[in-house]
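Architecture at a glance
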There are 2 protein chains.
Amino acid sequence: MPGEARAKPASIRDVARLASVSYQTVSRVLNDHPSIREDTRQRVLAAIRTLDYRPNQAARALASARPSVLGILSTTVGEYGTTSAIVAIEQVARERGFSISTLNLAAASPEAIGEAVRQFEHEQVAGIIVLAPQVRVFNVIGGLGLRVPIATLHTGAGGAAETIASDQRAGARIAVEHLVSLGHRDILHLAGPQDWIEAESRMHGYLDAMFEADLSTLPPIRGDWTADFGHFAGRELAGRRDFTAIFAANDLMAIGLMHGFRDAGVRVPDDVCVIGFDDIPVAAHVWPTLSTVRMDFADLGTRAIMHLLAAIAGEPAPQFAPVSPQLMVRQSTNPSATRR
Amino acid sequence: MPGEARAKPASIRDVARLASVSYQTVSRVLNDHPSIREDTRQRVLAAIRTLDYRPNQAARALASARPSVLGILSTTVGEYGTTSAIVAIEQVARERGFSISTLNLAAASPEAIGEAVRQFEHEQVAGIIVLAPQVRVFNVIGGLGLRVPIATLHTGAGGAAETIASDQRAGARIAVEHLVSLGHRDILHLAGPQDWIEAESRMHGYLDAMFEADLSTLPPIRGDWTADFGHFAGRELAGRRDFTAIFAANDLMAIGLMHGFRDAGVRVPDDVCVIGFDDIPVAAHVWPTLSTVRMDFADLGTRAIMHLLAAIAGEPAPQFAPVSPQLMVRQSTNPSATRR
DNA sequence: AAGTCGAATGTGTACGTTCACATTAGTGTA
DNA sequence: TACACTAATGTGAACGTACACATTCGACTT
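Bear in mind that the values here come from a model prediction, so they are computed numbers and not experimental data.

Looking now at the UniProt feature "domain: HTH lacI-type" (unreviewed entry) in chain A. Following the UniProt record, one finds the feature "domain: HTH lacI-type" (unreviewed entry) at residues 10-64 of chain A. Across residues 10-64 of chain A, helical content stands at 67% and strand content at 0%; the span's end C-alpha atoms are separated by 20 Å.

The axes of two packed helices give the description: the angle between them and the distance between them. Residues and elements named next belong to chain A. Running from amino to carboxyl end, helix H2 (residues 23-30) crosses helix H3 (residues 38-51) at an angle of 90 degrees, the nearest separation of the two axes being 10 Å. In terms of orientation, H2 and H3 fall into the roughly perpendicular class. Between H2 and H3, the residues in contact are Thr-25, Val-26, Val-29 and Leu-30 and Thr-40, Arg-41, Val-44, Leu-45 and Ile-48, respectively. Residues belonging to the contact of H2 with H3 are distributed by class as follows: six nonpolar, two polar and one charged.

Around DNA strand D there are 30 residues in total, and Ser-22, Thr-25 and Thr-40 of chain A together with Ile-12 and Tyr-53 of chain B lie nearest to it. Restricting attention to atoms of DNA strand D within 4 Å of the protein, one finds that 54% of them are sugar or phosphate atoms. A distance of 3.4 Å is found between a base oxygen of DNA strand D and a backbone nitrogen or oxygen belonging to Ala-63 of chain A. Note that a phosphate oxygen of DNA strand D is positioned 3.4 Å from one of the side-chain N or O atoms of Asn-31 of chain B.

Another point: the relation of the copies chain B and chain A. Its rotation angle being 180 degrees, the transformation that places chain B on chain A also includes 0.1 Å of axial translation and leaves an RMSD of 0.2 Å. Taken together, the turn and the small shift mark the pair as related by a two-fold rotation axis. The residues that chain B uses at the interface reappear at the interface of chain A in 98% of cases, marking a shared surface.

The next thing to look at is the protein's contact with DNA strand C. Surveying the vicinity of DNA strand C reveals 30 residues, the closest of which are Ile-12, Arg-13 and Tyr-53 of chain A together with Thr-25 and Thr-40 of chain B. Among atoms of DNA strand C positioned within 4 Å of the protein, sugar and phosphate together represent 53%. At 3.0 Å from a phosphate oxygen of DNA strand C is found a side-chain nitrogen or oxygen belonging to Arg-60 of chain A. Elements with a contribution of two residues or more to the surface near DNA strand C: helix H1 (12-19), H2 and helix H4 (57-63) of chain A together with helix H2 (23-30) and helix H4 (57-63) of chain B. Residues belonging to the surface near DNA strand C are distributed by class as follows: 13 nonpolar, 11 polar and six charged.

Reading the values: the criteria
- Residues numbered from 1 in each chain as written.
- Chains lettered and ligands numbered in written order.
- Predicted model: local features only at pLDDT ≥ 70, side-chain atom pairs only at ≥ 80, totals over all residues.
- Heavy atoms only, no water.
- UniProt positions renumbered as here; feature names shortened; annotations may be inferred.
- Helix = DSSP H or I, 4+ residues; strand = E, 2+ residues; numbered from the N terminus.
- Axes fitted to C-alpha atoms, helices over the stretch in contact; angles between N-to-C directions.
- Parallel < 35°, antiparallel > 145°, perpendicular 65-115°, else oblique.
- Contact = heavy atoms within 4.5 Å.
- Nonpolar A, V, L, I, M, F, W, Y, C, P; charged D, E, K, R; others polar.
- Near = heavy atom within 4 Å.
- Polar contact = N/O pair within 3.5 Å; in protein donor to acceptor, adjacent residues only side chain to side chain.
- Least-squares fit on C-alpha atoms with pLDDT ≥ 70 in both.

And the structure:
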């Protein structure tokens, strides 16, 4: 509003002039070149501060091969934890001088994914983090002969994509083991969509635990992650009596499931025990409060980005201790705890 | 893995050579210059398709004043709807040829916000969309003498920031009117944090409805949007008998509130009616199912981006019909409907 | 038929940075 | 003291595009 003529941002040459050096010297200071005398460096840094100079990323990306943008590809289909992972990723990335370009896919069709990745490629991103953990995403990406490094939060990516050892499988196992320890023998799994890596991991965890406890498994129900589906499933399953506990692949479905049971007159946890996965913020507040498994998604995000940055720098992949998922025991698996 | 030498992406000059025109002509085709013969344009477009050419955004941003990146600034403190708004914003922006750079703030301190905005400025963004609707965010931004256009989803931004007429206030009003129509006269408001624009809007809606119904208001409780706080508040409020209904500023707090009441032996909706705001996916599945108000956040996002794009292009702000919030009546405000 | 005008296209240059190479200063060695 | 060798700095290009200007071409006027 005050209409003050805004000065054009300072360029590397302005800094050089003020510091009485060549623009190249400034560039070296910016890029931590080893051969710079300390007093020169200080003079340049002072000039940078005086002029509030910030390197032009566009020019930098144009002139150098290595770009300064990281792409995050995600599907919106509600996965809890995605957000906290993104925040963690961003933070690390920005500390290392990268910007983040996000691309949220409404539908995860192979075409859309391919297009998105090519979009990133054309935007000259340094690397891509994929938070759209469908199996076919990786098939598509694998078939693209991609040049940019890719990382994901999830195991089982297969193909060329770099993967992080996440412990969804261990988490699912812990959940089921909890049910087993309560004496349940007939445990049903309400799984996620077939194509999802996380759904597969969690189902494997279920199978692991059942196998180890020497229990026979029931064919899992395939859901779509939504509470609405859980609700539907609950009403459908109310008629069956071949299970005494259910492990739902996420909390949303678990909560819908309990609603469906309630509608049908099946009591949780008295008639059927339910455990979820994620520990979404409302899990501790629904009725009955939902037992679940909590994972540190921010930590997973950090690993993914560290992994990606290492790949970009051509360094060997960093190793991390496994993330330990945490069992949250609440009312939905504890018959004696439900008081109204 | 197959180590095939990857070809360098095609440049505008490659296209020009293939189409037997000058690179400038290609540039004109790309920028929809009027004076291009139709057959020339077609020849250029064909060459573009053949080479799978995509303009280099970095070079484009460098050469032209107008950059092609839009910044999205948001705080992570859980607001439902942010995600769907972002998706909508991105879609429109990408259609118009912009990339999206996101910057999620963990803490919304004035310093962090200022730094984030300067970061965007330095990244040469064309405009910024702010999804961190705290009042002080706008104070900080207003005091920055910013040159890039800014838009937000929310009204009441004040200062220089461009605003969109959103209807949170109307939504809150509808929620309270619903309670009034059920015969409630003593209605308490569980508000959001003082600094938040949305919290203020929703409180204003509450006050509007109470005033119009000629009812006296109670001092609102200030929450922090979380279910945990709602839980705490529910236990605290259970001792009070000076209200028969509560309007919570978001669903998360409403669900926690019902949990707190349950703990304290207060029955919802029989003793106290509860209504929330947002219609988060679990609202229809908790017990009792939560009455609430649904807003089309994707639509709000679309408006915000249209607004911003108009500002960037120097066009007048587009006008939209108000978004009508939708009342979702469920069990938590319907005493006769709770069957177990 | 020469002149005028606008449409269509081409040529130089700049954007801000990095890279490859060239140069100068600085230090030790013989 | 001269020599080599490294450290420190400087110079000329190039990245891929858009902008300002110059040019060519054709059609229409007089």
